[in-house]
Amino acid sequence: MDAERTPKLVGTVWGLLVLNTLGSTGAETVVPLPRSLIQMVTMGALVAAFSLALALNLPLRVRASAFLFLLTLLLVPSVIASADLQSGFGALFRCARLALFVGTLWLLSRWWDGGPTFVRHHIRMYFLVLCTVAAGALVSPGAAMPDLYGGRLVGALWPLTPPQIGQYAAVIIGLAVLLVLGGRTDRRSAALVIVPSLVLLMLTHTRTATLGLLVGLTLAIGSLTLTSAAARRFFSWAVLCAAVAAVVFASALQAWFLRGQSEENFSNLTGRAKVWDALLAAPRTIGEQVFGMGLGDKSFDGLPIDNSWLAVYHEQGLIGIALVAAVFVALGGVALLRPPSLARACAIFLISYCALASYTEAGLGDASPYLLHLAVAASLLAQPAAAAPLPMPDPPRRRVPRWARTSEVT
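Keep in mind that this is a model prediction, so the values were computed, not measured.

Observations concerning the overall build of the chain
Line of reasoning, step 1. Counting its secondary structure elements, the chain contains 17 helices and two strands.
Line of reasoning, step 2. Looking at the chain alone, contacts between residues at least 24 apart form 77% of all its contacts between residues at least 6 apart.
Line of reasoning, step 3. Split by element, the accessible area of the chain, about 20500 Å² in all, is 68% carbon and sulfur.

Structure representation (structure tokens):
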């Protein structure tokens, strides 16, 4: 495949995919938005993304990708489990959505070249989402930090939950830090993204996103320390500042981390463990164990599952778990085998963040921001396309005198 410039409209397609994965449930907004309207907007965004990606890639040229191949295989148990309609017609609708989502990623894979293009699209689009969160907090502070969520920051203009906001903030903070260390952006531009995103992350009190950011950055920067002096300096200062903060602000950090919960509530992960135990204890047939119950809303008995692996097991069975695990093995294996580079560090950050967040967040088995994060990682790990060889000019033809053009001898 020849090297080519990525069209600007690819960023628009990525933004539409981000809009599709924002979801339709969350806190009450300042202006009440009917859920049907939100679903219409998000599904319309996915259809528009697929149509635009198809128009940009009419030759249907795609890059070979183990990540996308495994996501395509994930459709098999999804469709098989959803076909008997145990989860209703909504399961088949979600299968169609997942197929359209994966199909759009296949069309975009034409421009996966190991460069930071999709990282920049990712940061821009999620920063725009965070701008709407900040605007909602300014317009209506009471609606943005309601008592229903314990005073944690939510989306007041678009229904977003604290874990969603924390996830978006943590991901773009980590990517922006890595771009600065890699010399792909200046400190001022990065600060305009990092500082407000960090404030929003703190206001959400999201422990999973905070731990994912810290662990992901540690692994990513650690992969750069052997080849980057800037990464070594940043890593040393970060460790020193973290140690000082842990000593000086220990009580404040502990209070922020506990969020006023009791030790019992904290130990069972805010009630998640009870849902997980009930899900695992529920009787299932062999077919339901292998293929799952069909794509649903990531809940069990009306309660959110909040664990990607158990959600996949519930909806796509053991086959789904094996395929999702294979995604992490494939991406992680390729990242470990690549030489140190900024692209590799960003991919390691995204893979490790998604792996850690999968314990308390669902989404790896369906169209979600987590699949978009992993898609960016796959684009970073793709080999650059080979440049087309320049055409060689024809050698000059030597002029032959007229008397020498015949072989007759007089």
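Re the packing of aromatic side chains
Line of reasoning, step 1. All chains considered together, the criterion is met by five aromatic pairs.
Line of reasoning, step 2. Relative to Phe 118, the ring of Trp 14 has its centre 5.4 Å away and its plane inclined at 70 degrees; by these criteria the two rings are edge-to-face. Linking Trp 14 in helix H1 (residues 9–20) with Phe 118 in helix H5 (residues 117–139), this pair joins segments that are 104 residues apart in sequence. For the residue pair Trp 14 and Phe 118, the accessibility class agrees, reading buried in each case.
Line of reasoning, step 3. Relative to Tyr 168, the ring of Tyr 126 lies with its centre 4.7 Å away and its plane at 25 degrees, an arrangement referred to as stacked. On the criterion of sequence distance, the pair formed by Tyr 126 in helix H5 and Tyr 168 in helix H7 (residues 162–181) is long-range, its members being 42 residues apart. In this pair, the class of Tyr 126 matches that of Tyr 168, namely buried.

With respect to the side chain of Arg 110
Line of reasoning, step 1. Relative to the helices and strands, Arg 110 resides in the loop between helix H4 (89–108) and H5.
Line of reasoning, step 2. Using a relative accessible area of 11% as the deciding quantity, one classes Arg 110 as buried.
Line of reasoning, step 3. Here Asn 57 takes part through its side chain, which lies 3.0 Å from a polar atom of the side chain of Arg 110.

With respect to the environment of Ala 135
Line of reasoning, step 1. For Ala 135, the location among the structural elements is in helix H5.
Line of reasoning, step 2. For the pair formed by Ala 135 and Gly 155, sequence separation is 20 residues and the distance between their alpha carbons is 9.2 Å.

Here we look at the pattern of salt bridges
Side-chain pairs of opposite charge can arise where the charged atoms are in close proximity.
Line of reasoning, step 1. A complete count under the given rule lists three salt bridges for this structure.
Line of reasoning, step 2. Of the charged contacts, one joins Lys 298 and Glu 315 as a salt bridge, the two residues approaching to 3.1 Å between their closest N and O atoms. In this pair, Lys 298 is assigned in the loop between helix H14 (286–291) and strand E1 (299–300) and Glu 315 in helix H15 (residues 308–337), connecting sequence segments 17 residues apart. The pair Lys 298 / Glu 315 is uniform in exposure class, with both members buried.
Line of reasoning, step 3. Here Asp 366 makes a salt bridge to Lys 298, at a shortest N to O gap of 3.1 Å. On the criterion of sequence distance, the pair formed by Asp 366 in the loop between helix H16 (342–357) and helix H17 (369–381) and Lys 298 in the loop between H14 and E1 is long-range, its members being 68 residues apart.
Line of reasoning, step 4. Classification of Asp 366 as buried rests on a relative accessible area of 4%.

Things to note about the packing of helix H3 (residues 66–82) against H4
Line of reasoning, step 1. Where H3 contacts H4, the axes come no closer than 10 Å and their chain directions differ by 170 degrees. Looking at the two axes, H3 sits roughly antiparallel to H4. Packed against H3, whose contacting residues are Leu 68, Phe 69, Leu 71, Thr 72, Leu 75, Ser 78, Val 79 and Ser 82, the element H4 presents Ala 91, Leu 92, Cys 95, Leu 98, Ala 99, Val 102, Leu 105 and Trp 106 at the interface.
Line of reasoning, step 2. Residues that form the contact of H3 with H4 fall into these classes: 13 nonpolar, three polar and no charged.

Section: the nonpolar core
Line of reasoning, step 1. Counting residues in hydrophobic clusters, the biggest one holds 99 residues, and the most contacted among them are Trp 14, Phe 67 and Leu 108.
Line of reasoning, step 2. No other element matches the 13 residues that H7 contributes to this core.
Line of reasoning, step 3. Sequence-distant contacts of Phe 67, defined by excluding residues within four places in its chain, comprise Trp 112, Val 327, Leu 331, Leu 371, Leu 374, Ala 375 and Ala 378.

As for H7
Line of reasoning, step 1. Counted at 1.5 Å a residue, the expected span for H7 with its 20 residues is 28 Å, and the 29 Å between its end C-alpha atoms agrees.
Line of reasoning, step 2. The buried fraction of H7 is high, at 18 of 20 residues.
Line of reasoning, step 3. Looking one or two places after H7, you find Gly 183, whose phi comes out positive at around 75 degrees.

Some remarks on H15
Line of reasoning, step 1. The first and last C-alpha atoms of H15 sit only 26 Å apart over 30 residues, clearly below the 44 Å expected at 1.5 Å per residue.
Line of reasoning, step 2. Of all the bends in H15, the greatest measures close to 135 degrees and is centred on Gln 316.
Line of reasoning, step 3. The N-cap of H15, judged by a side-chain oxygen 2.9 Å from the amide nitrogen of Trp 309 a few residues on, is Asn 307.

Section: unusual backbone geometry
Line of reasoning, step 1. Phi at His 205 takes a positive value of approximately 55 degrees, unusual for a residue other than glycine.
Line of reasoning, step 2. Following the sequence through the fold, His 205 ends up in the loop between helix H8 (187–204) and helix H9 (207–222).
Line of reasoning, step 3. Judged by its relative accessible area of 25%, His 205 is partly exposed.
Line of reasoning, step 4. Non-glycine residue Asp 306 carries a positive phi angle of around 55 degrees.
Line of reasoning, step 5. For Asp 306, the position within the fold is in the loop between strand E2 (303–304) and H15.

Describing the environment of Arg 187
Line of reasoning, step 1. Among the secondary structure elements, Arg 187 is positioned in helix H8.
Line of reasoning, step 2. Separated by ten residues in the primary sequence, Arg 187 and Val 177 have C-alpha atoms spaced 9.0 Å apart.

Considerations on a nonpolar patch on the surface
Line of reasoning, step 1. Nonpolar side chains collect at one region of the surface, where Val 30, Val 31, Leu 33, Leu 37, Met 40, Val 41, Val 139 and Leu 157 lie side by side and expose about 670 Å² of accessible area between them.
Line of reasoning, step 2. Top contributing element to the nonpolar patch by residue count: helix H2 (residues 35–56), with three residues.
Line of reasoning, step 3. Tracing the sequence through the fold places Leu 157 in the loop between helix H6 (141–144) and H7.
Line of reasoning, step 4. In this structure Leu 157 comes out as partly exposed when scored by relative accessible area, which is 37%.

Cut-offs used in this document
- Residues numbered from 1 in each chain as written.
- Predicted model: local features only at pLDDT ≥ 70, side-chain atom pairs only at ≥ 80, totals over all residues.
- Heavy atoms only, no water.
- Helix = DSSP H or I, 4+ residues; strand = E, 2+ residues; numbered from the N terminus.
- Contact = heavy atoms within 4.5 Å.
- Areas by Shrake-Rupley, 256 points an atom, 1.4 Å probe, with all protein chains shown as cover.
- Phe/Tyr/Trp six-rings, centres within 6.5 Å; stacked < 30°, edge-to-face > 60°.
- Buried < 20%, exposed > 50% of the residue type's maximum accessible area, 1.4 Å probe, protein only.
- Polar contact = N/O pair within 3.5 Å; in protein donor to acceptor, adjacent residues only side chain to side chain.
- Salt bridge = Lys/Arg side-chain N within 4 Å of Asp/Glu carboxyl O.
- Axes fitted to C-alpha atoms, helices over the stretch in contact; angles between N-to-C directions.
- Parallel < 35°, antiparallel > 145°, perpendicular 65-115°, else oblique.
- Nonpolar A, V, L, I, M, F, W, Y, C, P; charged D, E, K, R; others polar.
- Core = buried A, V, L, I, M, F, W, Y, C linked by side-chain atoms within 4.5 Å.
- Expected span 1.5 Å × (residues − 1).
- Bend = angle between axes of the 7 residues up to and from the residue.
- Patch = residues over 30% accessible without salt bridge, like charges linked within 9 Å, V, L, I, M, F, W, Y side chains within 5 Å.

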